[in-house]
Amino acid sequence: MKIMIGLGLGIVAGLIFQEKAALVKPIGTLFINAIKMLIIPLIFSSLIVGMTSLKDSKQLGRIGMKTLAIYLVTTAFAVCIGLLVSTILQPGAGMMIDMGKAVSAKQAPPFIDTLVSIVPKNPLGALSSGHVLQVICFAIFLGIAINITGEKAEPFKKLCESVAEIMYTLTAIVMEFAPYGVFALMAYVVGQYGASTLLPLLKVILAVYIGAIVHVIFVYGSGVGLVARLSPAKFFKGIVDAQAVAFTTTSSSGTLPVTIRCTQENLGVSKSVSSFVLPMGATVNMDGTAIYQGVAALFVAQASGIDLTMSNYITLILASTLASIGTAGVPGAGLIMLSVTLSSIGLPMEGIALIAGIDRILDMARTSVNVTGDAMTSLIVAKSEGEFDKEIFDATEAV
């Protein structure tokens, strides 16, 4: 509740003080830095704890396959929803792209390069540089090795369990300052952009936000209600803290400590499942970005006066779904994915310039979707594996 109040007051402060609201930005920056401080040690220790808790290699394989399958299916749904909303709202109709405003998006690395780079040449270097995918890979291999080694690895296993518990406590301490950080971040964003600068691209923003809401309610709500057979209302109530932090920080990895806390303490997901599924989702699951791809691609096509064929739509869905994994963990992944999507069907790359101007506003919605999807996946996997505590879930009051 405090976080939501901070978010609301931040919007009001940004509208009233406008550019002067930038004065509180350092408070938001401190909050983001504090959360980023938790990411690597939390991922490393919690993943090892998750791996060593799942000593059955068959169960580990099942959880991994279920997680990836859910992420791919929901991503495909997300692209379709983005395309549908854009088809209805027509955000680019009658708008001409200014070719003089082209920006050069970073080139997406080939998928094979991304795959090869996951295995770190220097694990300590990966930890110090904050390369999340490499840290995840090293932690998984280390967890497997601990299980194989057995009794002699117990001291290191207990050390990792101790570090994980300490990081959970530190997360709780940092979250005490969340309302102030959220207030400062929202005030700065609203003060920087203002209402007038957003009007020309309001339809794009509206389309992304409508797509995000539809995806969260219908796809994730159905996943919880029909697949896990649990109350969607209690699910959404249980992850509202993570959604609020994701919305303001625009970082799935940055929100990870809060997402882990919410899934364990509010949703009843076991530590072994949440510690494995959530770090993977923070880098691989990009449903929110997939919605954005569908909206942005149609926006550019409409603004350029280009009619897309059915084969173009199919290519868009496939390219966006696969790109969500191929660009995982790369800085500026949203714009990189957009460049992949546009080039896959021959749309002008100059359209990125217009989208880049409002990217932060769009990023707030898509990160919230990503984090919600991570939580839903961990809940479904935990329920299917008998790693779910229904008493904890039922204790969460419905919205």
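This part is about the overall build of the protein. Check the secondary structure of the protein and you find 19 helices and zero strands. Looking at the protein as a whole, 54% of its 399 residues are labelled buried.

Quick look at the nonpolar core now. With 108 residues, the main nonpolar core has F235 and L379 as its most contacted residues. No other element matches the 13 residues that helix α2 (residues 25-53) contributes to this core. Filtering out sequence-adjacent residues up to four positions away, F235 remains in contact with V224, L267, T372, A375, M376, L379 and F393.

Applying the stated criterion across every chain yields a total of nine salt bridges. Salt bridges sharing common partners tie together R62, K66 and E385.

This part covers the side chain of Q243. Along the polypeptide, Q243 turns up in helix α11 (residues 240-249). Here Q243 falls in the buried class, since its relative accessible area comes to 19%.

This brings us to the confidence of the model for the protein. For the protein, the mean per-residue pLDDT works out to 80, and 83% of the residues sit at or above 70. Highest mean pLDDT in the protein belongs to helix α10 (residues 232-238) (93); lowest belongs to helix α17 (residues 351-357) (64). Here residues 326-332 is a poorly scored stretch, pLDDT under 50, and it has 16 contacts once near neighbours within four places are set aside; other chains count.

Tracing the chain through its elements places E176 in the loop between α7 (154-175) and α8 (178-193). Counting along the chain gives 174 residues from E176 to K2, while the straight-line C-alpha distance between them is 9.5 Å.

Between helix α14 (residues 287-303) and helix α18 (residues 359-384), whose axes approach to 6 Å, the crossing angle comes to 135°. For the element pair α14 / α18, the angle class is oblique. Taken together, the residues of α18 that come into contact with α14 (itself represented by D287, G288, T289, I291 and Y292) are D359, L362, R366, V369 and N370. Along the lines of polarity and charge, the residues of the contact of α14 with α18 split into four nonpolar, three polar and three charged.

Most peptide bonds adopt trans geometry, and most residues besides glycine take a negative phi value. Notably, Q18 is not glycine yet its phi reads approximately 50°, a positive angle. Relative to the elements of secondary structure, Q18 occurs in the loop between α1 (2-17) and α2. Even without being a glycine, Q90 presents a positive backbone phi close to 50°. Its place among the elements puts Q90 in the loop between α3 (57-89) and α4 (111-117).

As a further point, take α7. Counted at 1.5 Å a residue, the expected span for α7 with its 22 residues is 32 Å, and the 32 Å between its end C-alpha atoms agrees. Among the residues making up α7, those that are buried are K157, C160, A164, M167, Y168, T171, V174 and M175. Seen end-on, α7 carries its buried residues on one side only, within an arc spanning 125°. When the buried face of α7 is taken as reference, the exposed residues oriented beyond 90 degrees from it are P155, K158 and I166.

A few words now on the packing of α2 against helix α12 (residues 252-265). The interhelical angle for the contact between α2 and α12, taken along N-to-C directions, is 60°, at an axis separation of 8 Å. The way α2 lies across α12 gives a crossing that is left-handed. On α12, the residues touching I35, L38, I39, L42, I43 and S46 of α2 are S253, G254, T255, L256, P257 and I260. Residues belonging to the contact of α2 with α12 are distributed by class as follows: eight nonpolar, four polar and no charged.

Moving on: a nonpolar patch on the surface. Where nonpolar side chains cluster on the molecular surface, the patch consists of I27, I173, F177 and Y180 and spans about 450 Å² of accessible area. Considering the arrangement of structural elements, one finds I173 in helix α7. Exposure remark for I173: the relative accessible area of 47% places this residue in the partly exposed category.

Taking 1.5 Å per residue, 26 residues should reach 38 Å; helix α9 (residues 202-227) reaches 35 Å between its end C-alpha atoms and fits that length. A bend of about 25° at H215 is the largest found in α9. R229 lies just past α9 and shows a positive phi near 55°.

Moving on, we get to the environment of L342. Looking at the secondary structure, you find L342 in helix α16 (residues 333-344). Overall, L342 belongs to the buried group, its relative accessible area being 0%. As for L342 and Q293, which are separated by 49 residues in sequence, their C-alpha atoms are 8.8 Å apart.

The rules behind each value
Residues numbered from 1 in each chain as written. Predicted model: local features only at pLDDT ≥ 70, side-chain atom pairs only at ≥ 80, totals over all residues. Heavy atoms only, no water. Helix = DSSP H or I, 4+ residues; strand = E, 2+ residues; numbered from the N terminus. Buried < 20%, exposed > 50% of the residue type's maximum accessible area, 1.4 Å probe, protein only. Core = buried A, V, L, I, M, F, W, Y, C linked by side-chain atoms within 4.5 Å. Contact = heavy atoms within 4.5 Å. Salt bridge = Lys/Arg side-chain N within 4 Å of Asp/Glu carboxyl O. pLDDT = per-residue confidence, 0-100. Axes fitted to C-alpha atoms, helices over the stretch in contact; angles between N-to-C directions. Parallel < 35°, antiparallel > 145°, perpendicular 65-115°, else oblique. Nonpolar A, V, L, I, M, F, W, Y, C, P; charged D, E, K, R; others polar. Expected span 1.5 Å × (residues − 1). Arc of directions from axis to C-beta. Left-handed = near helix turned anticlockwise from the far one by under 90°. Patch = residues over 30% accessible without salt bridge, like charges linked within 9 Å, V, L, I, M, F, W, Y side chains within 5 Å. Areas by Shrake-Rupley, 256 points an atom, 1.4 Å probe, with all protein chains shown as cover. Bend = angle between axes of the 7 residues up to and from the residue.

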